[in-house]
Amino acid sequence: MKKNCEVCNQSFEPEPGYYFGAMFISYGLNTALFIAIWVGLELFYSEYSLTLLLVLISISAILLLPLFFRISRSLWIAIFIPYRAKEPSNQS
Ligand SMILES: [Zn+2]
């Protein structure tokens, strides 16, 4: 992860522990993933066992960990720091 935005120089680590709250977004993403797997199994393979469900959830959660980690942090900073496009130059 870069320290500052290349466009507007916004710091990506405004204070220590800034991304603590991203944990809750990660929790939400994982819950959505678990529900999606469960509903998918119910729909397409209703004879599934609890073991299969747990194995599928574990594997997908581990595989998606790096992705969810980054998405959570991106969403977290996007909630609190408004997006601004590159400042228009004043020399018009
Ligand atoms: Zn920026």
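In the block above lies the structure referred to throughout.
Residues numbered from 1 in each chain as written. Predicted model: local features only at pLDDT ≥ 70, side-chain atom pairs only at ≥ 80, totals over all residues. Heavy atoms only, no water.

### Side note on the environment of isoleucine 37
Thinking step 1. By the secondary structure assignment, isoleucine 37 is in helix H1 (residues 22-44).
Thinking step 2. A residue is classified by how much of its surface remains accessible, and isoleucine 37, at 17% relative accessible area, is buried.
Thinking step 3. Between the alpha carbons of isoleucine 37 and leucine 54 there is a distance of 9.7 Å; along the sequence they are 17 residues apart.
Thinking step 4. Setting aside anything within four residues of it in sequence, one finds isoleucine 37 in contact with Leu53, Leu56, Ile57 and Ser60. (Helix = DSSP H or I, 4+ residues; strand = E, 2+ residues; numbered from the N terminus. Buried < 20%, exposed > 50% of the residue type's maximum accessible area, 1.4 Å probe, protein only. Contact = heavy atoms within 4.5 Å.)

### Regarding the side chain of serine 72
Thinking step 1. Looking at the secondary structure, you find serine 72 in helix H2 (residues 50-80).
Thinking step 2. A distance of 2.5 Å separates a polar side-chain atom of serine 72 from the backbone oxygen of phenylalanine 68.
Thinking step 3. Among residues more than four places away in sequence, those in contact with serine 72 are Ala22, Ile25, Ser26 and Leu29. (Polar contact = N/O pair within 3.5 Å; in protein donor to acceptor, adjacent residues only side chain to side chain.)

Interpretation in functional terms is not warranted from these geometric data alone.
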